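Structural overview
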Amino acid sequence: MDRVIVVGGGAAGMMAAIAAADSGCKVCLIEKNEKLGKKLFITGKGRCNVTNAAEAETFFLNVCTNSKFLYSAFYGYDNHAVMDFLESAGCPLKIERGERVFPVSDHSSDVIAAFQRELKKRGVEILLNTRVTDILTRLREEQVADQAQISDCGANGRYGGHRTFEGVKLSDGRVLSADKGIICTGGISYPSTGSTGDGYRFAERTGHRVRECSPALVPFRIAEKWCGGLSGLSLKNVSVVMLSGKKRLYEGFGEMLFTHFGVSGPLILSASSCYHGEKDAKLFIDLKPALDEEQLDKRILRDFEENKNKQFKNSLGGLFPMKLIPVMIELSGIQPEKKVNEITKEERRAFGNLIKKLPLTVEGTRGYEEAVITRGGVSVKDVNPSTMESKKVRGLYFAGEVLDVDALTGGFNLQIAWSTGYLAGC
C-alpha cells in the first residue's frame, strides 16, 4: 500500500486526501493551522460558493489562465460530481443567481464538516499545527532505454537520472517518508489563513518554474476623491466596462460596492482578473443597463416633467440612491439650483451619457490581504495535466491555487481546487 502525504488542508488538499484514500493509499494530511479549511471558512462571506452549476463550456469561459490545462481535471471530476459528493456527505446544496452553488444552510462550516466526516470515514491521518519546511527528493539512476535518451544520461552515457519524491521535513526536525506527495498549499492571498506561498518555495527548490504572482479577484484603488465619499454604497444590476485606451479588458453585469479607497464587490473582483497593471485603465459604470440611450432619455424627460418646477438637485430621487445624487449633480456640470424646466436638451443628453458611462480611473489594486486568490504560481508546463504529477520529480503532485490557473468569481476557483485535487489524489 502506497503512503501518500498531502501538504495543505484546504479545499484541494482535503479532496486530494479523500481521492488518494479511495485509490487504496494510506494517507497523511498535514495542515499548519489549528483546523482544516481555514480559508474555505471565509469564502463567499462565510457562505461558501462551492461551485457553479453551469455547463462545461461556461466553466472554461470563466477560467482566465491556462484553461486548456484543466480539461482532464474538470471532465474527470466536474461540478456535478462535487455537488453529488457534498450532498451524499450530508451537506445539502442550493443553486442561486448565476448558477452559483451554496450549502442550504448558508454556512461554510457545514461544507468543512462534510469533508471532515469523509476523511475520518476513510481513516486519513490528520496532523494539525504541523508545518512542512521542505520537500525531500532523491536522484535515482536508471538504465537508458534507447539512443534518444542519451542526452539526458550521466557522464558515462549509459545511465540517466530522475528525481523522486521521498517525503517531507517538518519544522520540529522530524522527517516523514512517503511514496507520493501532493502539494496543496494555496497561494499568497489572505495570508492570515496560512496562505504564505510555501508551495512556491517548495516548487522552486525542486526545480519547478513559478510564474510571477500577483493579487487577483481583488478590489481596485480609484483616483477620483468622490468615490471614497460613497463608501458603503452598494449598486445592484449595473454593468461595468474596463478599457485600456481603446482596448476592452473586461465587460460584466452584477453588483458592486464603493469603499473608502475605491470599488469592490463581485463585479469589480471579476474585472480585476483581467487587469494586469495597465497605467491607463478606466472603469465605466452603466447605472441603467436595462435602458438604451434613447430609452434613458425618455425616462429622464418623464422624471423632469413630473418635477418641472423643482430645482435640479431635488428631481433625481427616482433615478439614483440618495447617497449618489450629490455626486451625479457635481459631475453633470448642471447647477444644483437650476429649475428642471430650464435644463437644455444638450445638458440632458450629456447627463444621460454620464449615467451610462460614469467614469472611474484605476490607480491599481489592493494587496494580498484582500485578494480572494493569487494569479500566477507553479508553471503548468512542469505538470502533467492528465495526472497533476510533476514532470520534474516523480511521485510529486500539485493541485489547487498553487498552480498557475485562476478564474472569475462564481464558484469557478473552488471547482478548480476540487477537480485538480481529485485528479492528483487518484
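Residues numbered from 1 in each chain as written. Predicted model: local features only at pLDDT ≥ 70, side-chain atom pairs only at ≥ 80, totals over all residues. Heavy atoms only, no water.

Looking at the overall build of the protein chain
Tallying secondary structure elements over the protein chain gives 13 helices and 22 strands in all. Relative to its full complement of 426 residues, the protein chain shows a buried share of 52%. Once local pairs closer than 6 in sequence are excluded, the contacts in the protein chain between residues at least 24 apart make up 73%. Element-wise, carbon and sulfur atoms account for 49% of the exposed surface of the protein chain, whose accessible area totals about 19,500 Å². With 57 positive and 52 negative side-chain charges, the protein chain shows a spacing of 2 Å between the two charge centroids. (Helix = DSSP H or I, 4+ residues; strand = E, 2+ residues; numbered from the N terminus. Buried < 20%, exposed > 50% of the residue type's maximum accessible area, 1.4 Å probe, protein only. Contact = heavy atoms within 4.5 Å. Areas by Shrake-Rupley, 256 points an atom, 1.4 Å probe, with all protein chains shown as cover. Lys, Arg positive; Asp, Glu negative; His and termini not counted. Charge placed at Lys NZ, Arg CZ, Asp CG, Glu CD.)

Let's talk about the pairing of strand E18 (residues 358-365)
For strand E13 (residues 220-222) and E18, the ladder comprises three bridges, and the chain directions are antiparallel. Looking at E18, one finds that Arg221 is bridged to Gly364. The sheet contact formed by strand E17 (residues 281-286) and E18 spans four bridges and is antiparallel. Counted as the bridge partner of Ile285 is Leu358 from E18. (Pairing = 2+ DSSP bridges.)

Things to note about the sheet that holds strand E3 (residues 51-52)
Read from one edge to the other, the open sheet built from three strands follows the order E3-E6-E5, with strand pairing classed as antiparallel. The open sheet has two free edges, formed respectively by E3 and strand E5 (93-95), since each of these has just one partner strand. One ladder, built from three bridges, connects E5 with strand E6 (residues 100-103); its direction is antiparallel. What sits directly across from Lys94, in E6, is Phe102.

Some points on the sheet that holds strand E14 (residues 234-244)
Within the closed barrel, the six strands sit side by side as E13-E16-E15-E14-E17-E18. Their pairing is antiparallel. Direction aside, the axes of adjacent strands within the sheet are offset by 45 degrees on average. In this structure, E13 lies alongside strand E16 (residues 262-264), joined through two bridges in antiparallel fashion. Residue pairing for E16: Arg221 is matched across the bridge by Gly262. (Axes fitted to C-alpha atoms, helices over the stretch in contact; angles between N-to-C directions.)

Topic: the confidence of the model for the protein chain
Mean pLDDT over the protein chain works out to 93, with 95% of the residues at or above the 70 mark. Overall, residues 143-160 carries pLDDT values under 50, and its contacts beyond four positions in sequence, including any with other chains, amount to 20 contacts. (pLDDT = per-residue confidence, 0-100.)

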